[in-house]
Amino acid sequence: MSRDTRAIISPGALRHNLQVARHAARGARIMAVIKGNGYGHGLIRVARALSDADAFGVTCLEEAVPLREAGFVHPILLLEGVFEEHELEIAARFRLDLVVHSDWQVALLEALGGPRPLSVWLKVDTGMHRLGFPPSAVRQTWQRLRDARGVGPHIRFITHLACADNRDDEMTDHQLACFRGALEGLPGERSLANSAGLLGWPPVLADWVRPGIMLYGANPFVDGHRPCPDLRPAMTLRSRLIAINRVAAGETVGYGATFRCPEDMPVGVVAIGYGDGYPRHADTGTPILVNGIETQVIGRVSMDMLTVDLRGLQGVQVGDPVTLWGDGLPIERVAEKAGTIPYELLCRLTRRVHFEDARDSHHGPGPYPV
Ligand SMILES: *Cc1c(COP(=O)(O)O)cnc(C)c1O
């Protein structure tokens, strides 16, 4: 038997979550954000499942070109635009759309000749202060782009929300007002909303929405206990028990001997660790399912293994399935214990994890694939 550490990806859950986004978008078009290797789920696999989206958003050419090569004809937006001059020619050849966030990118487009003008999205900095033009520079930049030889006729506008994940934060209203003010009278489609904006802030829907994390089934809100539409986890991370030990009261488990057994107890060893991308900070108390039943991680996570508390679980055997997150165990709970967010957990699984499509593309736990 080979090491059985798998990420099982459900195309049905991805499709379902896209439907949820579609419904919430109230007619706005949907750019499915599939950067970061489809948030760690696999770029092409995710693009196939989400092919009903109106466009895709990615970070760089390395993520965009494989989509074209796989046959996708959707608009594809490079969310940070080009990083270097020579990328413009490739972007034109593969019909990729560009965010333009800085003067140096505008200058490259002004200098560009060639038969194929590019579609651009002018990025407006409405308060996040990461990428984009300040509101006061938007009109003049729009004029330069309109006159640039390398730019196509439809210039669109985009901004990014800093605090939409907190429904009590006023920042989103300020950003919306800032965006509207900066664009007053300028023609062109507009986009503001990430997942949290889409689900939590109807006024920001505009012409295009850009959901990412919600498509993968994670709740985008910090107040994760407040209601969120029925999203389904697209990834279930699973492994198996490879050993079961009876450890005597007073003995310790794992590196640093951080967990001391309060009684004689069975301890399971699971074939997954931080070398697979499971977070090392998810130590004692992190929820985990053994045979579908919730128990806790105990001690420190090692590179290749972690240990679980098997007290109270009946009939557990070596080889039994373990769920780290996904069906039956929301990834938000693991992220919280590990001091991080679902985004980071999803995109940092390593190549040692075997990826496969769920056999059923319907929802629900389904049988464990053998
Ligand atoms: C990543 C990203 C998104 C998607 O954000 P989520 O929080 O995952 O929905 C949207 N827009 C831009 C510009 C992004 O970089």
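As the structure is a computational prediction, the values presented were derived from the model and not from experiment.

Engineer: An account of the packing of aromatic side chains is needed here, citing residue identities and associated values.
Structural biologist: Taken as a whole and assessed by the stated rule, the structure comprises five aromatic pairs. For the pair Tyr39 and Tyr343, a centre-to-centre distance of 6.0 Å together with 35 degrees between the ring planes defines the contact as tilted. Here Tyr39, found in helix 2 (residues 35-39), pairs with Tyr343, found in helix 11 (residues 342-347); they are 304 residues apart in sequence, far enough to count as distant. Residue Tyr343 is classed as partly exposed on the basis of its relative accessible area, which comes to 34%. Judged by centre distance (6.2 Å) and plane angle (15 degrees), the rings of Tyr278 and Trp325 are stacked. On the criterion of sequence distance, the pair formed by Tyr278 in the loop between strand 13 (265-270) and strand 14 (287-290) and Trp325 in strand 17 (residues 321-325) is long-range, its members being 47 residues apart. One exposure class covers both Tyr278 and Trp325, and it is buried. Three or more aromatic residues link up through ring pairs in this structure, and these residues are Tyr39, Tyr216 and Tyr343. Over the face of the ring belonging to Phe221 we find Arg167, whose NZ or CZ atom lies 3.6 Å from the ring centre.

Engineer: I'd like to hear about the pattern of salt bridges, residue by residue, with values.
Structural biologist: Pairing of side chains with opposite charge becomes possible as their charged atoms draw close. The tally for this structure, following the rule as stated, stands at 19 salt bridges. The residue Asp54 makes a salt bridge to Arg22 at a minimum N-O spacing of 2.8 Å. Here the residue Asp54 occupies a position in the loop between helix 3 (43-49) and strand 3 (55-58), and Arg22 occupies one in helix 1 (residues 11-24), the gap between them amounting to 32 residues. In this structure Asp54 comes out as partly exposed when scored by relative accessible area, which is 24%. A salt bridge links Glu89 to Arg93; the nearest nitrogen and oxygen atoms lie 3.0 Å apart. Linking Glu89 with Arg93, this pair stays in helix 5 (residues 86-93), spanning four residues, or about one helical turn.

Engineer: I'd love a proper account of the nonpolar core, names of residues and values included.
Structural biologist: In terms of nonpolar packing, the biggest core is built from 116 residues, with Ile34, Phe56, Tyr278, Leu306 and Trp325 touching the most fellow members. Looking at which element gives the most residues to this core, the answer is helix 1, with six residues. The two domains that each donate at least three residues to this core are domain 1 (11-216) and domain 2 (235-357). If we ignore the near neighbours within four places in the chain, the residues touching Tyr278 are Ile272, Gly273, Thr286, Val297, Val301, Leu306, Leu324, Trp325 and Val334. Judged by nonpolar contacts, the second largest core, of seven residues, contains Val253, Met265, Val267 and Ile298.

Engineer: How would you explain the site of the ligand if you had to name every residue and give the values?
Structural biologist: Around the ligand, the neighbouring residues are Val33, Lys35, Tyr39, Leu79, His160, Asn194, Ser195, Arg210, Pro211, Gly212, Ile213 and Tyr343. Within the contact set of the ligand, an oxygen atom lies 2.9 Å away from a backbone nitrogen or oxygen of Gly212. Between Ile213 and the ligand, the recorded distance is 2.8 Å, taken from a backbone N or O atom to an oxygen atom. Burial of the ligand by the protein chains amounts to 91% of its free accessible area of 390 Å². Of the residues assigned to the shell around the ligand, the class counts are six nonpolar, four polar and two charged.

Engineer: Before we move on, can you summarise the side chain of Ser191 with the specific residues and values?
Structural biologist: Residue placement: Ser191 occurs in strand 8 (residues 190-193). Overall, the relative accessible area of 0% leaves Ser191 in the buried class.

Engineer: So what's going on with the domain arrangement of the chain? Which residues, and what values?
Structural biologist: Partitioning the chain into structural domains gives domain 1 (11-216) and domain 2 (235-357). Between domain 1 and domain 2, the C-alpha centre-to-centre distance is 38 Å. The interface of domain 1 with domain 2 comprises eight residues on the first partner and seven residues on the second. Buried surface at the junction of domain 1 and domain 2, summed over both partners, amounts to about 740 Å²; 63% is from carbon and sulfur atoms. Three residues, His41, Arg45 and Ile213, lead the burial of domain 1 against domain 2; their summed loss comes to 56% of the area buried on that side. The interface formed by domain 1 and domain 2 contains one salt bridge. With a shortest N-O distance of 2.6 Å, Arg45 and Asp357 are connected by a salt bridge.

Engineer: Provide a residue-level description of the sheet that holds strand 5 (residues 97-100), including the pertinent values.
Structural biologist: Taking strand neighbours around the barrel as the criterion, the eight strands line up as 2-3-4-5-6-7-8-9 in a closed arrangement whose pairing is parallel. In the sheet, strand 6 (residues 118-123) pairs with strand 7 (residues 151-158) via five bridges, with the strands oriented parallel. In the sheet register, Leu122 faces strand 7, and the bridge partner there is Phe157. Running over the sheet, helix 4 (residues 61-69) touches strand 3 and strand 4 (76-78) and is turned about 165 degrees from strand 4.

Engineer: Got a sec to walk through unusual backbone geometry? Specific residues and values, please.
Structural biologist: Backbone geometry at Arg26 places phi at a positive 50 degrees, although glycine is not the residue there. Residues other than glycine seldom take positive phi values, yet Ala257 does so here, at roughly 45 degrees. For Ala257, the position within the fold is in the loop between strand 11 (252-253) and strand 12 (259-260).

How each quantity is defined
- Residues numbered from 1 in each chain as written.
- Predicted model: local features only at pLDDT ≥ 70, side-chain atom pairs only at ≥ 80, totals over all residues.
- Heavy atoms only, no water.
- Phe/Tyr/Trp six-rings, centres within 6.5 Å; stacked < 30°, edge-to-face > 60°.
- Helix = DSSP H or I, 4+ residues; strand = E, 2+ residues; numbered from the N terminus.
- Buried < 20%, exposed > 50% of the residue type's maximum accessible area, 1.4 Å probe, protein only.
- Lys NZ or Arg CZ within 6 Å of the ring centre and 35° of its normal.
- Salt bridge = Lys/Arg side-chain N within 4 Å of Asp/Glu carboxyl O.
- Core = buried A, V, L, I, M, F, W, Y, C linked by side-chain atoms within 4.5 Å.
- Domains from an automatic or database assignment.
- Contact = heavy atoms within 4.5 Å.
- Near = heavy atom within 4 Å.
- Polar contact = N/O pair within 3.5 Å; in protein donor to acceptor, adjacent residues only side chain to side chain.
- Areas by Shrake-Rupley, 256 points an atom, 1.4 Å probe, with all protein chains shown as cover.
- Nonpolar A, V, L, I, M, F, W, Y, C, P; charged D, E, K, R; others polar.
- Buried area = accessible area lost by both parts, 1.4 Å probe.
- Pairing = 2+ DSSP bridges.
- Axes fitted to C-alpha atoms, helices over the stretch in contact; angles between N-to-C directions.

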